[in-house]
Amino acid sequence: MRLKYCYFFVLLTFFVFVTFANAIESTNRTITSGTFGVAWLDGNGIVRVYDGQAVSEPVPNIKIYMLAAADLLEEGNDQLAFLDDAKKSLHIYSFKTKKILGPFGNNIKTFATGRWSNNESFYSVFASTFTGQAFRWTKEIMEKGWTSIPGDFVHVTSGKLTPNSSSDDFIVVTDGNLYIFSPKWLTYSRGSVNDNIVTLLSGNFTDSPTDEIVSVDKSGVTYLNLFQKQIVENLTSQKVICLTLGKNGGNLDTLYALDTRGKPITYNRESKSWKDIPFENAFACSNLITKTNPDGKGHELFVVNKDNLYQITKDGLAEQLSDRKNTKVILKSGEKLLAEYRFTNVPFKPYVEKLRTPSGRNILRDAPYDHLHHHGLMFAIAVNGCNFWEEFTPKHGKQITVSINPQPETETSSLESELDWSNDESKILVKENRKISVSTGENVTFLDWQTTLKTEEQGVNLDKSNHHYFGLGLRFEQTMDKNGRFFSDSDLGDAEVIRGDERLTPCHWMAYTAKLHDEPVTVAVMGHPSNPIPTTAFTMGDAGKSFAYLGITLNLHRQPVEIKPNSSLTFRYRVAVWDGETTPETVAKIYSNYKKYKEK
């Protein structure tokens, strides 16, 4: 019996140790700050930014797992650098241009930014991959091949560790050991004798003319590494879960941490111990960061709890800065939640983020890594040479919500919205009145979409382009990408093959059956016969070699369409969703009823 208790105690100790070590590593690089403000990752891996006034989501559709801030593009202000959680690729968001550059590279494990030399006015990215390689990225390289650098590491930061150096040094951790990489000599030096390091930072903590390194080992103990003196000091035995520092205008930096309770603490040099920071809130924090004041003479302290950001004032008050903005309209029929329409904190176009079967299963996928501009159920085309479908491209456009009824977070069966379609110079090309409603039939969910494009003094062209899929489109949940089948009221053998398994089929309706998490569902799209352009379905993915997509194209790759001044065009569509497999006769009956529909 005693042996069993001993075994249980050892097992429990090991579990607590591993959990604690993982907690330290999980907080690494989920929050950063720069001239733009404070950026952090919420519980869904979406980056949120507090600019001193309000909170925004500049890239709401990309799940992220690591952040950094620096002027990588030589704009005079910091950009946000991040790794997406799908391909582990580098992206750079410019607050000046409101654009994302990237993705660059893939399979990146960790990265940091720093000055490679004083001869360069921009910063570099120093990255390590999961395949055991290290690389450098700069704005001069962009999409070209990255510069290969020796080494393999799991953590990295930068600092001025070498006197009179013209560059930053990069401090890396490999197998728990700390090394210093010199960009000048492209060599590593052993930085400490302690091992099991899981996180670190550099700063001005003593009267040394160079930066020092503060590291945390797997047990949560902090160490001060005086690299030039080859001395490692144990700061204190109190355990911490993450670190940050605050700049004080040329004076010594202030060192902050979170203790194992998730409470903010600061290091007192005189007593050589950690001291609690007065903090009125009882909740546990998950990370913390400082932001240097614009005058460079001090800093502000911020902490994160779940999805919320707080600023801790000098008197210990914590002001919540991140009240989540309303982002959606909830569409219901009776008590059934059928769809969610997202229109705020979207960078380019509002869309239906979720559409559910009668049993409540969502069929849509938003911004997958292979096509970040695919947003659930959306409508987009090109107007006067401006591309409203793709994103982060030259001559891209934005669909801007001017008004919406009902208001966000309202539970309703329909909505009406006014949108401005603007080009990259913020010129309004066309206006849209958009109406979306949901309803139910016999074991089926209906979503009706109506778009009216309106011109004023200037007419527009709905452009002829090389994109044969512009129009209404649905990107499906990932498990529906394989082994599905399309069927229609037209002979699919007569479809026009564009490339691979991408086909255009003139029809009244097109349906797709596939398995959603091992259970089949069926989705059908249909165009109303009153539409100014006959219905042509765009399909891809039934060959199992790519993802599945279903839409109704306006065929603008064949023929542009003109909307004359002070005129309008209206397009109406219905999407029907079933649990299980559905017969062509059932879909045909739905279409027969829909074509009799007239706007009330």
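Definitions and limits used
Residues numbered from 1 in each chain as written. Predicted model: local features only at pLDDT ≥ 70, side-chain atom pairs only at ≥ 80, totals over all residues. Heavy atoms only, no water. Helix = DSSP H or I, 4+ residues; strand = E, 2+ residues; numbered from the N terminus. Buried < 20%, exposed > 50% of the residue type's maximum accessible area, 1.4 Å probe, protein only. Contact = heavy atoms within 4.5 Å. Phe/Tyr/Trp six-rings, centres within 6.5 Å; stacked < 30°, edge-to-face > 60°. Lys NZ or Arg CZ within 6 Å of the ring centre and 35° of its normal. Arc of directions from axis to C-beta. Pairing = 2+ DSSP bridges. Axes fitted to C-alpha atoms, helices over the stretch in contact; angles between N-to-C directions. Salt bridge = Lys/Arg side-chain N within 4 Å of Asp/Glu carboxyl O. Core = buried A, V, L, I, M, F, W, Y, C linked by side-chain atoms within 4.5 Å.

1. Things to note about the overall build of the protein chain
Argument step 1. Looking only at helices and strands, the protein chain features two helices and 50 strands.
Argument step 2. Sorting the 600 residues of the protein chain into buried and exposed places 56% on the buried side.
Argument step 3. Contacts spanning at least 24 positions in sequence make up 52% of the contacts within the protein chain whose residues lie at least 6 apart.

2. What about the packing of aromatic side chains?
Argument step 1. By the definition in use, this model includes 26 aromatic pairs.
Argument step 2. Ring-pair connections join several aromatic residues into one group, and the members of that group are Trp116, Phe126, Phe153, Phe170, Phe181 and Tyr188.
Argument step 3. Positioned above the aromatic ring of Tyr65 is the side chain of Lys88, whose terminal nitrogen or guanidinium carbon lies 5.4 Å from the ring centre.
Argument step 4. Of note, Arg574 hangs over the ring of Phe446, and the distance from its end group to the ring centre comes to 4.6 Å.

3. Quick word on helix H2 (residues 584–594)
Argument step 1. Within the span of H2, buried status applies to Val587, Ile590, Tyr591 and Tyr594. Projected onto a plane normal to the axis of H2, the buried residues spread over an arc of 95 degrees and lie on a single side. Facing away from the buried side of H2, by more than 90 degrees, are the exposed residues Glu585 and Lys589.
Argument step 2. Of the surrounding elements, those touching the buried residues of H2 are strand S39 (444–454), strand S42 (485–488), strand S45 (509–516), strand S46 (519–527) and strand S50 (568–579).

4. Topic: the sheet that holds strand S15 (residues 177–182)
Argument step 1. Here four strands make up an open sheet; going across it, the order is S13-S14-S15-S16 and the pairing antiparallel. Strand pairing shows two members of the sheet lacking a second neighbour, strand S13 (155–159) and strand S16 (187–190), which therefore form its edges. Going from strand to strand, the sheet's axes swing by 30 degrees on average, the running direction of each strand aside.
Argument step 2. Where S13 meets strand S14 (residues 169–174), five bridges bridge the pair, whose relative direction is antiparallel. The residue bridging Thr157 from the neighbouring strand is Ile171, located in S14.

5. Notes on the pattern of salt bridges
Opposite charge on two side chains permits them to pair, given that their charged atoms come into close proximity.
Argument step 1. Following the criterion strictly, the structure yields 23 salt bridges and no others.
Argument step 2. Residue Arg499 is joined to Glu502 by a salt bridge in which the shortest nitrogen-to-oxygen separation is 2.9 Å.
Argument step 3. Residue Arg499 is classed as partly exposed on the basis of its relative accessible area, which comes to 48%.
Argument step 4. Looking at Glu502, the relative accessible area reads 9%, which means it is buried.
Argument step 5. Through salt bridges that share partners, Arg48, Glu57, Lys328, Glu340, Arg342, Glu353 and Arg356 make up one connected network.

6. Here we look at unusual backbone geometry
Argument step 1. Gly102 connects to Pro103 through a cis peptide bond whose omega is 5 degrees.
Argument step 2. Counting through the fold element by element, Pro103 comes out in strand S8 (residues 99–104).
Argument step 3. Look at Asp175: it is not a glycine, yet its phi comes out positive at around 55 degrees.
Argument step 4. Positionally, Asp175 belongs in the loop between S14 and S15.
Argument step 5. In this structure, Ala367 takes a positive phi of about 50 degrees despite not being glycine.
Argument step 6. When you line up the elements, Ala367 lands in the loop between strand S31 (351–355) and strand S32 (377–380).
Argument step 7. Accessibility expressed as a relative area gives 9% for Ala367, which makes it buried.

7. Overview of the sheet that holds S46
Argument step 1. With antiparallel pairing, the eight strands of this open sheet are ordered in space as S35-S37-S38-S39-S50-S46-S45-S42. Only two strands of the sheet have a single neighbouring strand rather than two, namely strand S35 (398–405) and S42. Between one strand and the next, the sheet's axes are offset by a mean angle of 20 degrees, whatever the strand orientation.
Argument step 2. In this structure, strand S37 (residues 414–422) lies alongside strand S38 (residues 428–441), joined through nine bridges in antiparallel fashion. Paired with Leu419 across the strands is Glu432, a residue of S38.

8. Some words on the nonpolar core
Argument step 1. Grouped together as the largest cluster of nonpolar side chains are 69 residues, with contacts concentrated most on Ile363, Leu447 and Leu462.
Argument step 2. When near neighbours in sequence (up to four residues on either side) are disregarded, Leu462 contacts Ile381, Ala382, Val383, Leu453, Leu556, Pro560, Val561, Ile563, Leu569 and Phe571.
Argument step 3. With 17 residues, the next largest nonpolar core counts Met66, Leu90, Phe104 and Trp146 among its residues.

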